[in-house]
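# Reading the structure
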Amino acid sequence: MSSLLSQNKDEPLIRKSLSDSCPASSAANTRSLRHERLSRLGSSSSSDVSNNKSTNHAESYFLRRENRLSAKKKEEEEKMNSDYKKMYEKALATNQRLKSRLETSKQDLATVQDQLQREQKGKPDDFTSNMLEAEKKESWSLKKKISDMEEQLKVKAELKLENQRLKDENGALIRVITKLSK
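Throughout, a residue's number is its position along its own chain's written sequence, starting from 1. Given that this is a predicted model, residues contribute local features only at a pLDDT of at least 70 and side-chain atom pairs are listed and counted only at 80 or more, while totals for whole chains, interfaces and linings are drawn from all residues. Based on all heavy atoms of the structure, the side-chain values leave hydrogens and waters out of the count.

### Looking at the overall build of the protein chain
- Think of it this way: any DSSP run of H or I at least four residues long counts as a helix, any run of E at least two long counts as a strand, and we number them from the N terminus. Helix and strand counts for the protein chain stand at three helices and two strands.
- Counting from the amino terminus, the protein chain carries its helices and strands in the arrangement β-β-α-α-α.
- Type-normalised accessible area, obtained with a 1.4 Å probe on protein chains alone, sets the label of each residue: buried when under 20%, exposed when over 50%, and partly exposed for intermediate values. When the 182 residues of the protein chain are sorted by exposure, 14% land in the buried category.
- Contacts are residue-level and defined by heavy atoms, with any inter-residue pair within 4.5 Å sufficient. Taking the contacts inside the protein chain whose residues are at least 6 apart along the sequence as the reference set, 65% of them involve residues at least 24 apart.
- The method behind every accessible area is Shrake-Rupley, applied with a 1.4 Å probe, and residues are considered shielded solely by the protein chains displayed. Total accessible area computed for the protein chain in this model is approximately 14500 Å², and 53% of it derives from carbon and sulfur atoms.

Take a look at the structure:
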């Protein structure tokens, strides 16, 4: 745990812990710390021109350093967010594509079953052997379609689970990023 030291001419040495400060006011805390550093630099020299230049130099150094660090943090956050966003969007697109394929397969199955029922109702019970074979082939193809659809349902369930896992992981990472950025 790192700690900060602040000392004025009139005050004794005070030790402040970073965990004591509110995470929401980290920017204000950073500004106050910079102000304390600059005031310490300013208190050591009252009217010396060379010390004023060094104070301005120190102030500009700290400003540049802060800007670099904040830009670097923003770049890292954007990169992390875009990677997970891309993965999430890809999973959603795959999920939608599989849903549409499943719906078309269900519709095809329903039409074939309707045709089969109409054929069975329209024909008398004395089927010829050719008709029996045709119905057996049709029945076999329907069973195969049903088994394929069941597999697709399993895949869809797995994708839903993976999608939920990615959402949870994304949420956890966002929480970690927000904690780190504070």
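After presenting the structure, the write-up continues.
### Concerning the pattern of salt bridges
- Each reported salt bridge corresponds to a side-chain nitrogen of Lys or Arg within 4 Å of a carboxyl oxygen of Asp or Glu. On inspection of all chains with the given rule, the structure shows one salt bridge.
- The partner of glutamate 169 in a salt bridge is arginine 165, and the shortest N-O contact between them spans 3.1 Å. Here glutamate 169 and its partner arginine 165 are both found in helix α3 (residues 129–181), four residues apart, which amounts to about one turn of the helix.
- Its relative accessible area of 30% is what places glutamate 169 among the partly exposed residues.

### Digging into the environment of asparagine 81
- Along the chain, asparagine 81 falls in helix α2 (residues 49–122).
- Measuring from C-alpha to C-alpha, the distance between asparagine 81 and leucine 173 comes to 8.8 Å, with 92 residues separating the pair along the chain.

### With respect to the side chain of asparagine 95
- Position of asparagine 95 among the secondary structure elements: in helix α2.
- On the basis of relative accessibility, which here comes to 6%, the residue asparagine 95 falls in the buried class.
- With sequence-adjacent residues up to four places away left out, asparagine 95 is seen in contact with Lys156, Leu159, Lys160 and Asn163.

### Observations concerning the packing of aromatic side chains
- Note on aromatic contacts: the rings of Phe and Tyr and the six-membered ring of Trp form a pair at centre separations within 6.5 Å, being stacked when their planes are under 30 degrees apart, edge-to-face when over 60 apart, and tilted otherwise. The tally for this structure, following the rule as stated, stands at one aromatic pair.
- Their ring planes at 65° and their centres at 5.5 Å tell us that tyrosine 61 and phenylalanine 62 sit as a pair that is edge-to-face.
- Relative accessible area serves as the criterion here: at 37%, tyrosine 61 is assigned to the partly exposed category.

### Digging into the environment of isoleucine 177
- Note that isoleucine 177 resides in helix α3.
- Between the C-alpha atom of isoleucine 177 and that of methionine 80, which follows or precedes it by 97 residues, the distance is 8.9 Å.
- When near neighbours in sequence (up to four residues on either side) are disregarded, isoleucine 177 contacts Glu77, Met80 and Asn81.

### Some words on the nonpolar core
- In this text, buried Ala, Val, Leu, Ile, Met, Phe, Trp, Tyr and Cys residues form a nonpolar core when linked through side-chain atoms within 4.5 Å. Counting five residues, the largest nonpolar core consists of Leu109, Val112, Leu116, Leu142 and Met149.
- By residue number, the principal contributor to this core is α2, which donates three residues.
- Beyond its immediate sequence surroundings of up to four residues, leucine 116 is in contact with Glu138 and Leu142.

### With respect to the confidence of the model for the protein chain
- The pLDDT score gives, residue by residue, the confidence of the prediction method on a 0 to 100 scale. Summary statistics for the protein chain give a mean pLDDT of 77 and a share of 66% for residues scoring 70 or more.
- By mean pLDDT, strand β1 (residues 3–6) is the weakest element of the protein chain at 45, and α3 is the strongest at 91.
- The model gives residues 1–24 a pLDDT under 50, and that stretch makes 26 contacts with residues more than four places away or in other chains.

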